[in-house]
Amino acid sequence: MSNRISVQLFGITREIVGSSALTLDLPQPGQVGELLNNLKEHYPALNGLRSLLVAVNGEYAEADQPIHPNDEIALIPPVSGG
Amino acid sequence: MSNRISVQLFGITREIVGSSALTLDLPQPGQVGELLNNLKEHYPALNGLRSLLVAVNGEYAEADQPIHPNDEIALIPPVSGG
Amino acid sequence: MVSITTDPIDMNAAYRYVSTDSAGAITFFFGTVRDSTNERAVERLEYEAYDRMALTKMQEIAAEACRRWDVRKYTIIHRKGNLAIGDIAVLIAVATPHRADAFDACRYLIDTLKQQVPIWKKEIFEDGQVWVDAHP
Amino acid sequence: MVSITTDPIDMNAAYRYVSTDSAGAITFFFGTVRDSTNERAVERLEYEAYDRMALTKMQEIAAEACRRWDVRKYTIIHRKGNLAIGDIAVLIAVATPHRADAFDACRYLIDTLKQQVPIWKKEIFEDGQVWVDAHP
């Protein structure tokens, strides 16, 4: 059984993936760490970033946080606002 | 021989003296300390201030600085700009 | 009040918003587009935001500033899109009764915004582009 | 640029004056007329300056700030005369390449201005007047 999730992409991660969002299947119940590993495997350039975080429903998430269907997921490369 | 000098007054010193300037005779060669003593004697309310400085030609002056004719002299009560 | 906008930032509106009779001190911090980075000439910047989360984070750090200091009014306005040299990318305004709080809170807000708020900028040079701070 | 004026302080003119392509950070400090002091309601303020010396001192402290930090442009504008609640009494604006310098220099300027520049203010209450900080 798998869990189809959509991931929003910004900044350099959007350019690495070549799209502002991507959809992927994660074994259920999936966790943030699995999502990151999956993405870094498919897009090795993500390993070259200074940091790469995941936000779940607008909050920074730890690697062991579960991902549920309908969660809003985003990749957060190093921020540089201001 | 004496030295007639004019002293500019601001803020609370202007109100204590009741004028924005006063003229007085100082023994020559006079010093800043003598001027202050002279003024505090004539206007005892000056002793109630938190501080009282003298500026000579736009610079804060020490008690032993001499006062020359034509120097621009001002009394500087505690400042409170900003 | 926090906002993200594609329009030029209006400092007069920000001042009117934060000014209040109980304030004796107001600080403004403007982050502006500098003409060079490490002596390399910058042509322009592009800012991108994860709007929903950026607004939430901006509100969180503002709430923390209000806990730490006696902030009576504040605003954080961040611009996104294409910015030219000299444009204002961010304006943070803080009103407090006394000045130490206004400086401390304003500095905390910009320092923390730069660490936590999901906004990204790309520097465009004559001969290339770089997402700022993306790589080690 | 330093000035003492009886006119309202124009923040837009100050911004235009300090903004420069090499600046990535601009700080403004506004000292404004607060409606109370130690919980006593203030009706208005009167500011008085020893203009010649105040301008000299303001230039001296600005020169010192430029020695200590990488200040590209600055302005210090102090108002005198009668000020109402909410009026701007002083505006200090500093432009630097990086933000730490802008905060440090701006704070130094207002802190040192308050210690050294011969300007005085009188608080007018409903039932009296006080020259601020005059007495121990």
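Figured I'd write up the structure that's included with this text. (Residues numbered from 1 in each chain as written. Chains lettered and ligands numbered in written order. Predicted model: local features only at pLDDT ≥ 70, side-chain atom pairs only at ≥ 80, totals over all residues. Heavy atoms only, no water.)

## Digging into the overall build of chain C
Phase 1 of the analysis: When helices and strands are counted, chain C shows 3 helices and 9 strands.
Phase 2 of the analysis: Listing each helix as α and each strand as β along chain C from the N terminus yields β-α-β-β-β-α-β-β-β-α-β-β.
Phase 3 of the analysis: Radius of gyration (C-alpha) of chain C: 15 Å, near the 14 Å computed for a compact globule of 136 residues.
Phase 4 of the analysis: Taken along its principal axes, the extent of the C-alpha atoms in chain C is 50 × 25 × 25 Å.
Phase 5 of the analysis: For chain C, buried positions account for 55% of its 136 residues.
Phase 6 of the analysis: A sequence separation of at least 24 residues applies to 75% of the contacts in chain C between residues at least 6 apart. (Helix = DSSP H or I, 4+ residues; strand = E, 2+ residues; numbered from the N terminus. Rg over C-alpha atoms; globule rule 2.2 N^0.38 Å. Buried < 20%, exposed > 50% of the residue type's maximum accessible area, 1.4 Å probe, protein only. Contact = heavy atoms within 4.5 Å.)

## Digging into the interface of chain A and chain C
Phase 1 of the analysis: Facing the 24 residues of chain A at the interface are 29 residues of chain C.
Phase 2 of the analysis: For the pair chain A and chain C, the summed buried surface comes to about 2,200 Å²; carbon and sulfur atoms form 53% of the total.
Phase 3 of the analysis: Of all residues in chain A, the largest losses of buried area upon contact with chain C belong to Val-79, Ser-80 and Gly-82 of chain A, amounting jointly to 27% of the total for that side.
Phase 4 of the analysis: A salt bridge links Arg-14 of chain A to Glu-48 of chain C; the shortest N-O distance between them is 2.5 Å.
Phase 5 of the analysis: Looking at the side of chain A that touches chain C, the elements that each hand over two or more residues are α1 (11-17), β5 (59-61) and β7 (73-76) of chain A.
Phase 6 of the analysis: The biggest single contributor to the side of chain A that touches chain C is α1 of chain A, with 4 residues. (Buried area = accessible area lost by both parts, 1.4 Å probe. Salt bridge = Lys/Arg side-chain N within 4 Å of Asp/Glu carboxyl O.)

## Regarding the pattern of salt bridges
Side chains that differ in charge, positive against negative, can pair when their charged atoms come close.
Phase 1 of the analysis: The final tally for this structure, using the stated rule, is 32 salt bridges over all chains.
Phase 2 of the analysis: Across the pair Arg-44 of chain D and Glu-46 of chain D runs a salt bridge whose closest N-O atoms are separated by 3.1 Å.
Phase 3 of the analysis: By relative accessible area, which is 22% here, Glu-46 of chain D ends up partly exposed.
Phase 4 of the analysis: One salt-bridge network, in which partners are shared between bridges, spans Glu-15 of chain A together with Arg-44, Glu-46 and Lys-122 of chain C.

## Considering unusual backbone geometry
Phase 1 of the analysis: With a phi angle near 75°, Asn-70 of chain B is a residue other than glycine that sits in the positive phi range.
Phase 2 of the analysis: Examined against the element boundaries, Asn-70 of chain B turns out to sit in the loop between β6 (66-67) and β7 (73-76).
Phase 3 of the analysis: The phi dihedral of Asp-133 of chain D is positive, around 65°, even though this residue is not glycine.
Phase 4 of the analysis: Structurally, Asp-133 of chain D is set in the segment after β9 (128-131).

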